[in-house]
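Chain residues, written in single-letter form:
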Amino acid sequence: MINLAKEMNGVRTAVIAGHIRPDGDAIGSCLGLYFYIRENYPEVSCKVYLEETPNAYRNVCGVDEIRHEIDETEEPDVFFCLDCADEKRLGAAGKLLGKAKHSVCIDHHISNGGFGDVNYIVPQASSTSELIFTVLDEEKIPFHTAEALYMGIVHDTGVFRHSCTSPETMEIAAKLMRKGINCSQIINTTYYEKTYHQNQILGRALLESILLLDKKIIFSAIRKKDMDFYCVEPSDLDGIVQILMSTAGTEAAIFLYEIKSHEYKVSMRSKEIIDVSEIASYFGGGGHIRAAGCNMQGSIYDVVNNITLHMEKQLRKKQNEEKQQV
Ligand code: AMP
Ligand code: MN
Ligand code: MN
């Protein structure tokens, strides 16, 4: 556990940053901490750096204060690195990490080796937003921090549905609710609501999905030309992999989208058996046991073949263990 008051002692300038292609937890944890510092440390100049905000979060309070271009002359007293598994995934903000006098890394990625001066990494935590709550003084949490942290928890737990949701997660959500935030509005507008085009491309991904490995794995891919046709950005594809995995009987889902010719962003989700973080790490990415990602090169066929080989190995190992127990 870290002591935020200690990390803020004597600080005049603070920078907060999260991972590239920010999601609900990266945005929620960064804005949550930002509003807390602004409220409780008014003498501190605090800035948040994140890549472009996906459309789903456009109405979230504070997103217009997020900076997308870094000021390279800056030498912050403290740099908070949130929801980010490694330095590379900070993107441009990584340059400020090296210049900061002190760095604090708060994260829940199992693949995070701890690259800050101070590290608070809890892989069992549902989200970085949940971890941020635990380092704050509950009485001093302002309304907008409560909104942001609740949003982060909602997104990383798939609305309190994934196995990372613990009793502590629910207790923290309840405490945030008591700050008077509009929970159903946060859930509906940032998590469930999709544009017409997003739903069209989701339909396309579902239509073209295939079952592999004895129907235990569901797979789908979207090519660049399809993204152009439906006028969608990569962030518009968030959530597709989760919906693929709701298919009964599957153990894991693989979803790819083309970043450039012969390069794909891979998202993997798993229900109970497969450790997708191990597979993503093998291919240079990372994440969590049940949700992980990486970038891979080759044809769609190469990518899916390489991944399913690893999944098959894990499924077989589990089957053998079960046989030995009988
Ligand atoms: P995604 O499939 O992109 O939604 O990612 C699932 C989880 O894995 C998220 O927590 C991401 O932060 C993490 N993740 C995705 N891609 C990478 C990567 N290349 N390196 C490390 N972590 C990743
Ligand atoms: Mn994240
Ligand atoms: Mn997270």
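Preceding block: the structure.
What you are looking at is a predicted structure, and each value in this text was computed from that prediction instead of being measured.

Chemist: Looking at this structure, how should I read the coordination of the manganese ion (ligand 3)?
Modeler: Reference geometry at the metal: tetrahedral coordination by four donors gives ideal angles of 109.5 degrees; octahedral coordination by six donors gives 90 or 180 degrees. Asp 25 (OD), Asp 83 (OD), His 108 (NE2) and Asp 156 (OD) make up the full set of protein donors to the manganese ion (ligand 3), lying at 2.1 to 2.2 Å. Here the donor residues for the manganese ion (ligand 3) map to a single chain with the spacing D-x57-D-x24-H-x47-D.

Chemist: In this structure, what is going on with the site of ligand 1? I would like to understand it.
Modeler: Surrounding ligand 1, one finds 13 residues, the nearest of these being His 109, Lys 265, Ser 267, Arg 269 and His 288. Measuring from an oxygen atom of ligand 1, one finds a side-chain N or O atom of His 109 at 2.9 Å. Ser 267 places a side-chain nitrogen or oxygen 2.6 Å from an oxygen atom of ligand 1. Contact with the protein chains hides 84% of the accessible area of ligand 1, taken as 480 Å² for the molecule alone. Looking at the shell around ligand 1, the elements with two or more residues in it are β9 (263–270), β10 (286–287) and β11 (291–297).

Chemist: In this structure, what is going on with the nonpolar core? I would like to understand it.
Modeler: Nonpolar side chains in soluble globular proteins generally cluster together in the buried interior. Counting 53 residues, the largest nonpolar core has Ile 16 and Phe 80 as the members making the most contacts within it. A per-element tally of this core places helix α2 (residues 24–40) first, with 8 residues. With near-sequence residues (within four places) excluded, Phe 80 lies in contact with Leu 4, Met 8, Val 15, Ile 16, Ala 17, Leu 33, Ile 37 and Val 104. Counting residues in each nonpolar core, the second largest holds 22 residues, with Ala 252, Leu 256, Cys 294 and Val 304 among its members.

Chemist: I tried to follow the packing of α2 against helix α4 (residues 128–135) on my own but got confused; where do I start?
Modeler: The relative placement of two packed helices is expressed as an angle between their axes plus a distance between the axes. Between α2 and α4, whose axes approach to 8 Å, the crossing angle comes to 20°. Relative to α4, the element α2 lies roughly parallel. When the axes of α2 and α4 are compared, the crossing they make is right-handed. Judged by residue contacts, Asp 25, Gly 28, Ser 29 and Leu 33 of α2 engage Thr 128, Ser 129 and Ile 132 from α4. Looking at the contact of α2 with α4 residue by residue, the class counts come to 2 nonpolar, 4 polar and 1 charged.

Chemist: Is there a simple way to think about helix α8 (residues 196–207) in this case?
Modeler: Given a rise of 1.5 Å per residue, 12 residues ought to cover 16 Å, and the 17 Å separating the end C-alpha atoms of α8 matches this to within 8%. Regarding α8, the residues found buried are Gln 198, Ile 201, Leu 202 and Ala 205. The arc that holds the buried residues of α8, viewed along the axis, is 110°, so those residues lie on one side. Opposite the packed face of α8, turned more than 90 degrees from it, sit the exposed residues Tyr 196 and Leu 207. Contacts made by the buried residues of α8 are with β7 (217–222), α9 (224–229), α10 (240–245) and β8 (252–260).

Definitions and limits used
Residues numbered from 1 in each chain as written. Chains lettered and ligands numbered in written order. Predicted model: local features only at pLDDT ≥ 70, side-chain atom pairs only at ≥ 80, totals over all residues. Heavy atoms only, no water. Donors = N, O, S within 2.8 Å, 3.2 Å for Na, K, Ca; no water. Near = heavy atom within 4 Å. Polar contact = N/O pair within 3.5 Å; in protein donor to acceptor, adjacent residues only side chain to side chain. Areas by Shrake-Rupley, 256 points an atom, 1.4 Å probe, with all protein chains shown as cover. Helix = DSSP H or I, 4+ residues; strand = E, 2+ residues; numbered from the N terminus. Core = buried A, V, L, I, M, F, W, Y, C linked by side-chain atoms within 4.5 Å. Buried < 20%, exposed > 50% of the residue type's maximum accessible area, 1.4 Å probe, protein only. Contact = heavy atoms within 4.5 Å. Axes fitted to C-alpha atoms, helices over the stretch in contact; angles between N-to-C directions. Parallel < 35°, antiparallel > 145°, perpendicular 65-115°, else oblique. Left-handed = near helix turned anticlockwise from the far one by under 90°. Nonpolar A, V, L, I, M, F, W, Y, C, P; charged D, E, K, R; others polar. Expected span 1.5 Å × (residues − 1). Arc of directions from axis to C-beta.

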